[in-house]
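Here's the letter readout for the chains.
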Amino acid sequence: MNFAVGLKPLLAEARSMESLEKQLICPICLEMFSKPVVILPCQHNLCRKCANDVFQASNPLWQSRGSSAVPSGGRFRCPSCRHEVVLDRHGVYGLQRNLLVENIIDIYKQESARPLHNKAEQHLMCEEHEDERINIYCLRCEVPTCSLCKVFGAHKDCEVAPLPAVYQRQKSELSDGIAMLVAGNDRIQAIITQMEEICHTIEENSRRQKQHVGLRFDALYGILEERKKELLQSIAAEQEAKLQRVRGLIRQYGDHLEASSKLVESAIQAMEEPQMAVYLQHSKELLKKITDMSKASMSSRPEPGYENMDHFSINVDYVAEMLRTIEFQTEPLGEDEGDGPGEGSEAATEEDRLDSLEAPEAAEDVGPRQKPASSPHGQH
């Protein structure tokens, strides 16, 4: 079925108005913007009332505009692009009004008030029967047509229905479809919001567990540093004791060497004495000093291996292997257990485990350390 030429401009105008109307729909209330209209930093528009509803829902503790207290700022997400909108203490009343959109709404309402159906009746004329209006709808061909086409034309064997009835039915179907899509969009938006909350929770839980693991390893580092300090102090103590003994022997041998050298010098000078009487006066005393010096015992010295410090060796291979097996618990502790006595019990258990690791090491160190103290050369 062909339409009159005047139908094309009308359909173009209708499509243009419909496209314009879609641009003037608020994504919150799904109705045409109601003034005042505010523009967000992301360049999307909202009814100020709808923006305030979203803002209040996202900031339940934000004080109202009429409150005597000075409110603080807040934030919410744009329903169109999910961009975060940060507001000052004025809330949505601090957003700029979009006067251009408000003017377009006024013009659209004026144009919409014009009788579109009257224009349709004037322009929707049958192309085959120029004086006949399009007033029925062919149900089989699914096209509007005129009465003469039903009686004499291409649709005389088709079932037809009044155009307004088909119009209302299809418009109702389209409205139901739009409502279904809007409801589906709301569900999808709710799912997106829920998933974003899940992402936030995952990030927060990960941050908390990272901090928890870091504290546990810091405690291990502290225990290792303390044990290292104790072992080094044990080595330093034995080192000092051995050095004092050896240095005492060095001073003793040095004194003996100095006295012997002086005695040699005195004996040489006595040998050079030309007078026999003078020589014989001092020779007996000199011989006695030489005999006594020769008989002085200088046998005290460190025994072989006294300088050895190998008994302070430690074996940490099994401890390192045990540390490599540290894994996460299969059943995580609850919040109450982590914050209360359970956390102390866990810390005590870990300290007991570390004490058990240190016990063989301490036993290995105590034996060798006692050995030098009990040996004869360990006493001054």
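This structure is a prediction, so every number in the text was calculated from the model and none was measured.

Asker: Break down the sheet that holds strand β6 (residues 143–145) for me, with residues and values.
Answerer: Pairing in this open sheet of 3 strands is antiparallel, and the strands run β6-β5-β7 from one edge to the other. In this open sheet, the two edge strands, each paired with only one partner strand, are β6 and β7 (160–162). Direction aside, the axes of adjacent strands within the sheet are offset by 35° on average. Pairing of strand β5 (residues 136–138) with β7, which is carried by 3 bridges, proceeds in the antiparallel orientation.

Asker: Can you lay out the packing of aromatic side chains for me, pointing to particular residues and giving the numbers?
Answerer: Tallied over the entire structure, the rule returns 2 aromatic pairs. Ring centres of F55 and F76 lie 6.2 Å apart, and the angle between their planes is 70°; this geometry places the pair in the edge-to-face category. Taken together, the positions of F55 in helix α2 (residues 48–58) and F76 in strand β3 (residues 74–77) put the pair 21 residues apart, joining distant regions of the chain. On the basis of relative accessibility, which here comes to 0%, the residue F55 falls in the buried class. The interplanar angle of 55° and the centroid separation of 6.3 Å between the aromatic rings of F217 and Y221 together place this pair among those described as tilted. In this pair, F217 and Y221 are both assigned in helix α6 (residues 163–271), 4 residues apart and thus about one turn of the helix distant. What makes F217 partly exposed here is its relative accessible area of 33%. When the ring centre of Y306 is taken as origin, the NZ or CZ atom of K242, which lies over that ring, is 5.1 Å away.

Asker: So what's going on with the packing of α6 against helix α7 (residues 276–295)? Which residues, and what values?
Answerer: For the pair α6 and α7, the least separation of the axes is 10 Å and the interaxial angle reads 155°. Relative to α7, α6 is oriented roughly antiparallel. Judged by the sense of rotation from one axis to the other, the crossing of α6 with α7 is left-handed. Contacts between α6 and α7 involve H256, A259, S260, L263, S266, A267, A270 and M271 from the first element and Y279, L286, K289, I290 and M293 from the second. Taken together, the residues of the contact of α6 with α7 sort by class into 9 nonpolar, 3 polar and 1 charged.

Asker: Describe the nonpolar core, naming the residues involved and giving the relevant values.
Answerer: Of all hydrophobic cores here, the largest spans 23 residues; its most connected members are L24, F33, L40, L46, F76, L87 and I105. For this core, the secondary-structure elements that each account for two or more residues are β1 (37–39), β2 (45–47), α2, β4 (84–87) and α3 (99–112). Here the element with the most residues in this core is α2; it accounts for 4 residues. Excluding residues that lie within four positions of it along the chain, F33 makes contacts with Q23, L24, I25, C26, P27, N45, L46, C47, V101 and I105.

Asker: So what's going on with the pattern of salt bridges? Residues and values would help.
Answerer: By the definition in use, this model includes 12 salt bridges. The salt bridge partner of D53 is K49, with a shortest N-O separation of 3.4 Å. Of this pair, D53 and K49 both sit in helix α2, 4 residues apart, roughly one helical turn. One salt bridge in this structure joins K289 and E285, with 3.8 Å as the shortest N-O distance. With a gap of 4 residues between them, K289 and E285 both fall in helix α7, about one helical turn apart. Exposure remark for K289: the relative accessible area of 43% places this residue in the partly exposed category.

Rules and cut-offs
Residues numbered from 1 in each chain as written. Predicted model: local features only at pLDDT ≥ 70, side-chain atom pairs only at ≥ 80, totals over all residues. Heavy atoms only, no water. Pairing = 2+ DSSP bridges. Helix = DSSP H or I, 4+ residues; strand = E, 2+ residues; numbered from the N terminus. Axes fitted to C-alpha atoms, helices over the stretch in contact; angles between N-to-C directions. Phe/Tyr/Trp six-rings, centres within 6.5 Å; stacked < 30°, edge-to-face > 60°. Buried < 20%, exposed > 50% of the residue type's maximum accessible area, 1.4 Å probe, protein only. Lys NZ or Arg CZ within 6 Å of the ring centre and 35° of its normal. Parallel < 35°, antiparallel > 145°, perpendicular 65-115°, else oblique. Left-handed = near helix turned anticlockwise from the far one by under 90°. Contact = heavy atoms within 4.5 Å. Nonpolar A, V, L, I, M, F, W, Y, C, P; charged D, E, K, R; others polar. Core = buried A, V, L, I, M, F, W, Y, C linked by side-chain atoms within 4.5 Å. Salt bridge = Lys/Arg side-chain N within 4 Å of Asp/Glu carboxyl O.

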